[in-house]
Amino acid sequence: MEKTLVIIKPDGVQRNLIGEIICRLERSGLKLVGMKLVQADDKMVEKHYTIDPSWLKTVGVKAIESYKEKGLEPPNNDPVAVGKDVLKRLKNFMTAGPVVAMVWEGNAAVSLVRKICGSTEPFSAAIGTIRGDLSPIETYQMADLANRAIRNLVHASGTVAEAEKEIVIWFKKDEIWDYNLARDTILYDANWRV
Ligand code: ADP
Ligand code: MG
């Protein structure tokens, strides 16, 4: 069983998409084991996004590649500089209003939730995903022109190790629940019969 952190970002809360996003996660078979509304501050956002020391570079590489794939010239070709700028924009975005922090648990929870959320740029995210269905007009270019973070509704941990480190930033130990769902028999019990 894996645990993964999901955050409904301020744009998701403001657009009244909390229920829609939770619905999509809930019906997947994953179990909600922690949830609360949080007003984040700059320090939390910085801590969250610098857990992986290579993130600054990978985020920049991803942005530059996305421009090139579309036949466009990236506004900045230095991945680390792009990453530092994205972190600044994220502090502004993620503290803009309350967010919903959640922990979801289940088989392959980390990669399953990433699949349900879709890729970083909503315009490129597959239809059927949260980002692709609910925010498909949002592009890297729109974010860059306005010097703001990409508004893509949700955060989801990238790896199991990342999830472990992220969860402790947002939740105390006693805010994570260990409980049974009757439903889990159907999903996981080898001897299940009606
Ligand atoms: P993901 O959230 O898909 O794991 P990243 O970890 O690469 O994506 O980036 C974290 C967040 O930073 C993204 O969800 C998005 O809100 C924002 N972001 C990423 N790249 C850019 C960019 N080039 N310009 C503006 N915002 C960005
Ligand atoms: Mg990430």
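This text follows the structure it describes.
Reference entry: report on the structure contained in this document. Only a predicted model underlies this, so the values are computations on that prediction, with no experimental measurement involved. (Residues numbered from 1 in each chain as written. Chains lettered and ligands numbered in written order. Predicted model: local features only at pLDDT ≥ 70, side-chain atom pairs only at ≥ 80, totals over all residues. Heavy atoms only, no water.)

Considering the nonpolar core
Core analysis: the biggest nonpolar cluster contains 22 residues, and L5, Y49, L90, M94, W170 and F171 have the highest contact counts within it. Breaking this core down by element, the ones donating at least two residues are β1 (2-8), β2 (31-38), α3 (42-49), α4 (55-69), α5 (79-94), β3 (99-106) and α9 (160-170). For this core, the element with the most residues is α5, which contributes four residues. For L90, the residues in contact, after removing those within four places along its chain, are V45, Y49, W55 and A149. Formed by 20 residues, the second largest nonpolar core is a distinct cluster that contains W104, I130, L153 and V154. (Core = buried A, V, L, I, M, F, W, Y, C linked by side-chain atoms within 4.5 Å. Buried < 20%, exposed > 50% of the residue type's maximum accessible area, 1.4 Å probe, protein only. Helix = DSSP H or I, 4+ residues; strand = E, 2+ residues; numbered from the N terminus. Contact = heavy atoms within 4.5 Å.)

Brief notes about the pairing of β1
Regular strands have side chains that alternate between both faces of the sheet. Burial analysis of β1 places five of its seven residues in the buried class, the great majority of the element. Where β1 meets β3, seven bridges bridge the pair, whose relative direction is antiparallel. The residue of β3 that forms the bridge with I7 is A101. In the sheet, β1 pairs with strand β4 (residues 154-156) via three bridges, with the strands oriented antiparallel. Pairing of I8 across the sheet is with V154, part of β4. (Pairing = 2+ DSSP bridges.)

Quick word on a nonpolar patch on the surface
Taken together, the side chains of M1, I186, L187, Y188, W192 and V194 define a hydrophobic patch exposed on the protein surface, amounting to about 700 Å² of accessible area. Tracing the chain through its elements places Y188 in helix α10 (residues 184-188). (Patch = residues over 30% accessible without salt bridge, like charges linked within 9 Å, V, L, I, M, F, W, Y side chains within 5 Å. Areas by Shrake-Rupley, 256 points an atom, 1.4 Å probe, with all protein chains shown as cover. Salt bridge = Lys/Arg side-chain N within 4 Å of Asp/Glu carboxyl O.)

Side note on the site of ligand 1
Around ligand 1, a shell composed of 17 residues is seen, among which K9, K62, T120, I150 and N152 lie nearest. Coverage of ligand 1 by the protein amounts to 95% of the 530 Å² it exposes when considered alone. At the level of secondary structure, the elements contributing two or more residues to the shell around ligand 1 comprise α4 and α5. Considering every element that reaches the shell around ligand 1, the biggest residue donor is α4, with four residues. Grouping the constituent residues of the shell around ligand 1 by class yields nine nonpolar, two polar and six charged. (Near = heavy atom within 4 Å. Nonpolar A, V, L, I, M, F, W, Y, C, P; charged D, E, K, R; others polar.)

With respect to the packing of aromatic side chains
Summed over the entire model, instances satisfying the criterion amount to one aromatic pair. Relative to W55, the ring of Y49 lies with its centre 5.2 Å away and its plane at 35 degrees, an arrangement referred to as tilted. By relative accessible area, which is 10% here, Y49 ends up buried. W55 sits in the buried class, given a relative accessible area of 17%. Directly above the ring of Y179 sits K31, whose terminal nitrogen or CZ lies 5.1 Å from the centroid. In this structure, K36 packs its charged tip against the face of F171, placed 4.9 Å from the ring centre. (Phe/Tyr/Trp six-rings, centres within 6.5 Å; stacked < 30°, edge-to-face > 60°. Lys NZ or Arg CZ within 6 Å of the ring centre and 35° of its normal.)

Purely geometric numbers; function is a separate question.
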